[in-house]
Every structure is written in structure tokens, then in C-alpha cells.
Amino acid sequence: MSGSTDTFLPYGSHYVDESDIEAVVDVLKNGPLTCGPKVDEFEAAFARKIGVSDAIVCANGTAALHLACLAAGLQEGDIAIVPAITFLATANAVRMTGAEVCFADVNPTTGLMSPDDLIDAFERSGKRAKAVLPVHMNGQSEHMQDIAAFASRQGMVVISDCCHALGAEYLNSGKPGDGQFEAFGTFSLHPVKSIAMGEGGVVTTNNSAKAHLLRQLRGHAMEKDPGQWSDTQAGTALDGKPNPWYYEMQKLAYNYRATDIQCALGLSQLNKLDGFVEKRRSLAAHYDRQLAHLNNRVRAVRRSNDCVSAWHLYPVLIDFPYCGGDRAGLMEALHASGVGTQVHYVPVSRQPYYVERYGHLNLPGAESYYSQVLSLPIFPAMEPADVDRVVRALAENLGG
Ligand SMILES: *Cc1c(COP(=O)(O)O)cnc(C)c1O
């Protein structure tokens, strides 16, 4: 992982080396390209890494969220709670089942939905919400025990959106998505996340019946087990054996599969996860130290006491009016000095689709977080000197 001080620093970037390339080429040369052993190998390795009994790999993180919402039983007429600060897909996955979204506010210093934010949203849902999707924003989580306890008292299924949290750990024990606080965890393996699979997603669960259902929903719900067929006559040959071509579909499902090509890359990347996380944590710590010299004009997002993140993003909070500038201007100036930044995220409740559906919501924590947040470059190939360069560019463009 060598330094890239002279080049443009994007806010995030994957890291692929020769061993990753060899793993993919091996599948291309020797096949099968899909529905083969790399899928099972990847699932077993991912489940081991998280410490959960089942990991179901699929096409992307959005598909993982959709599958988890379906497996949770969400459908038209239901309501699910989603924090307003997240990527579009968390809310959209709920809508794909026909259920409605009730947006929760977040803590303005972390972007995380607090137990009080959850209770407020639950009240606004008319106490009808059937599921809640806590988002492990920036790989952090806070008060998951209280969130899970409230959800359990109200009969809500917890689906953890862990797309930012691969490699994060709870300080007590375990990891986001391991099932201690959720029925389902969902992960994304998009190149900007902790590891890259091109596109890829994973659902985790400790419920083996739900794992079976998730695998059915991922693959057209094609039932090849004669014991499960309803039309046994159509499925049976003259000699009494199952017809070799026969399968049944008893529910509507999807093709959300990941290929063996993707899973070979995912497996190879999973072996590198610990090294990536170590590098990201050391870069984040270096940012923390260097930003302390900017006299509070740029503050790191508040650290949770419950976990340690894998820092797939390195977000800071900037009081733009106080700094005498606007965010777009700062982003452009940073870009001109070779520093890429991004805003994660515009509150999803503000998207025109959702405004049209639910009107303008008053979520002051989400608005405050959104008005200040900026993600600075962080990725495994960066070096401390790159961090210094980003901090210098910030200092120059914030007036000293
Ligand atoms: C990336 C992301 C997703 C969607 O994952 P894709 O693999 O891009 O479909 C969902 N939720 C969050 C919080 C994400 O960061």
C-alpha cells in the first residue's frame, strides 16, 4: 500500500492487488462463473468473519436490504422506521416491499438515530411500525442495546444497515450484523466500502429458516427439492423418481445472485480486511491529531463509546457560516488542490419522491448534521503525508 501524495485524492477508493486479480482470473479460466463453489466459500468466510451462523451473498447492498425487508415480512400496509441520514437504498428497500417509511431524526454530532429518536418516530408512525432499520453511519453505532430492547417490546423486527460497518467492532463484544441486536444485518461490497467485490451485498442472520427463505428469494424461489413440491404428479416420472428437469416456484422472487467471479474477488478481499481496517484506523487517528490544530473550525464526528469503527469514511463537521464560507466553495477549492470530498448524506426525507409522499418533515438533528458534514479522503493506499496534505488544504481554504 504505497503513498499517492502527488496524485488526486478521492474521498474513497478500493485497493486491489495481484492476488485479487489472480483469484478472479482463476475463476475465469476454470469456472464455473456463477452458482459455483466460490459463492459457498465466500458465504462461509463472511459468516465466520462476522460471527454469525448464516451469510447470504447477493448482487449489491440494496438487494441485501430488499431481501432482508422481505424476509422480515414487510409488505403493503406496513410501516418501517429509517433514520433520515443514510443512503437512499435504506428507505427505498422498504418501499420496494410496498411498506411505507417513517423517517427518524438523528443525533447531530454523530448522524446516528438515538433511542429517543426511535421512540419519537414510533409515536409518529401511530405506534404501528413493524420494523426499524438502524444505520451504522460511518461504521459507528450507539445504544444498540436500548434500540433492540425498545424494538423487541414493540414487536418490531430490527434490520441493521451495516453497509458502513464491515470491520467495525463493539467494545463489549461482537460486531455489527452478528445478530446480537438485529434479526438481519446487511452489508455492501461496493468498491468505496470496506472491501470491494465490484458490486456485492450480504445479509447476515442467525435464523436458519430465514436464511433458507433469503436464499430462495435471491434465486427465483426455484424449488428443486421433491419433498417441497405441491404438484407431485407433474414432478414424478413413470418409475416413481423425480423428473430430472422439474422444479416449482411457489412465490414471487428475484435474481439477486452474485457470481463466482465476484465472490472470488470478495474472498480474496476479505482476507485483507484486517489489514485495511488497521490502516484506516491509523489514518483516522492521524486526522484526529492533525485536525486538533485547526482550533475547532473542523471537528471530527463525535466518537461513540460503544464501538470502534473501520472508518470506511472519515467525516468531519464544519460550521460553514462561522468559517465565512459555503460548502460548495470549499469543496471546489479543495478539488483544485487535489483533494476530493463528498457529503454523506442529504437527508433522504428531503428527496422529492419522499417529500411528495410524506410532506416536509421537521428533523432538526438530521438538518444540523447535513449542514455541517463533509467526508475527507480515506482509503488503504493513503499515507500520513496525504492526511497532512488534506489538513493543510483545509487550513488554507478556511482562512489560515
Ligand atoms: C452503500 C450503501 C447502501 C447500498 O449498497 P449498494 O451496494 O451500493 O447497493 C445502503 N446503505 C448504506 C448506508 C450504504 O452506504
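Residues numbered from 1 in each chain as written. Predicted model: local features only at pLDDT ≥ 70, side-chain atom pairs only at ≥ 80, totals over all residues. Heavy atoms only, no water.

Visitor: Describe the overall build of the chain, listing the residues and the values that go with them.
Guide: When helices and strands are tallied, the chain shows 14 helices and 14 strands. Taken over the C-alpha trace, the chain has a radius of gyration of 22 Å; the compact-globule value for 400 residues is 21 Å, and the two agree within 12%. Along the first, second and third principal axes, the C-alpha set of the chain runs to 85 × 55 × 40 Å. Nonlocal contacts in the chain, meaning residues at least 24 apart in sequence, comprise 75% of its contacts between residues at least 6 apart. For the chain, the computed accessible surface area is about 17000 Å², with 52% contributed by carbon and sulfur atoms. Measuring between centres, the 33 positive side-chain charges of the chain sit 1 Å from its 44 negative side-chain charges. (Helix = DSSP H or I, 4+ residues; strand = E, 2+ residues; numbered from the N terminus. Rg over C-alpha atoms; globule rule 2.2 N^0.38 Å. Contact = heavy atoms within 4.5 Å. Areas by Shrake-Rupley, 256 points an atom, 1.4 Å probe, with all protein chains shown as cover. Lys, Arg positive; Asp, Glu negative; His and termini not counted. Charge placed at Lys NZ, Arg CZ, Asp CG, Glu CD.)

Visitor: Before we move on, can you summarise the packing of helix H2 (residues 37-50) against helix H9 (residues 260-270) with the specific residues and values?
Guide: Contact geometry for H2 and H9: axes closest at 8 Å, N-to-C directions at 30 degrees. Read as a crossing pair, H2 and H9 show a hand that is left-handed. Here Pro-37, Lys-38, Val-39, Glu-41, Phe-42, Ala-45, Phe-46 and Lys-49 of H2 come into contact with H9, specifically with Asp-260, Cys-263, Ala-264, Gly-266, Leu-267 and Leu-270. Taken together, the residues of the contact of H2 with H9 sort by class into nine nonpolar, one polar and four charged. (Axes fitted to C-alpha atoms, helices over the stretch in contact; angles between N-to-C directions. Left-handed = near helix turned anticlockwise from the far one by under 90°. Nonpolar A, V, L, I, M, F, W, Y, C, P; charged D, E, K, R; others polar.)

Visitor: Describe the layout of surface pockets, with residues and values.
Guide: Space inside the largest pocket adds up to approximately 440 Å³. Cys-35, Arg-215, Arg-218, Gly-219 and Arg-257 are, among the 18 residues lining the largest pocket, the residues nearest its centre. Elements that contribute at least two residues to the lining of the largest pocket include exactly H2, helix H7 (208-218) and strand S9 (222-223). Among the elements that make up the lining of the largest pocket, the one with the highest residue count is H7 (four residues). Here the residues of the lining of the largest pocket sort into six nonpolar, five polar and seven charged. (1 Å grid on protein atoms, 1.4 Å probe; cavity = no way out; pocket = protein on both sides within 12 Å on 5 of 7 lines; lining within 4 Å. Points joined across faces, edges and corners; volume = space filled by probe spheres on them.)

Visitor: Help me get a handle on empty space enclosed by the protein, residues and values and all.
Guide: This structure, assessed with the given rule, holds two cavities of 30 Å³ or more. Here the largest cavity defines a volume of roughly 50 Å³. Residue lining of the largest cavity: Pro-83, Leu-112, Met-113, Pro-134, Val-135, Gln-140, Ser-141, Glu-142, Met-144 and Ile-147, and that is the complete set. When its residues are assigned to classes, the lining of the largest cavity shows seven nonpolar, two polar and one charged.

Visitor: Can you tell me about unusual backbone geometry, naming the residues and giving the values?
Guide: Apart from glycine, the bulk of residues carry a negative phi angle, and the bulk of peptide bonds sit in the trans form. Here the residue pair Gly-31 and Pro-32 is connected by a cis peptide bond, since its omega of -15 degrees sits within 30 degrees of zero. Within the fold, Pro-32 resides in the loop between helix H1 (18-30) and H2. Between His-344 and the following residue, Tyr-345, the backbone shows a cis peptide bond with an omega angle of 5 degrees. Position of Tyr-345 relative to the elements: it lies in the loop between helix H11 (327-336) and helix H12 (352-358). Here the phi dihedral of Lys-127 falls at roughly 60 degrees; this positive angle occurs in a residue that is not glycine. Topologically, Lys-127 is positioned in the loop between helix H5 (115-124) and strand S4 (131-132). Of note in this structure, His-143 is not a glycine but carries a positive phi near 55 degrees. Structurally, the position occupied by His-143 is in the loop between S4 and helix H6 (144-153). Residue His-143 is classed as partly exposed on the basis of its relative accessible area of 35%. (Buried < 20%, exposed > 50% of the residue type's maximum accessible area, 1.4 Å probe, protein only.)

Read these as spatial facts, not as claims about activity.
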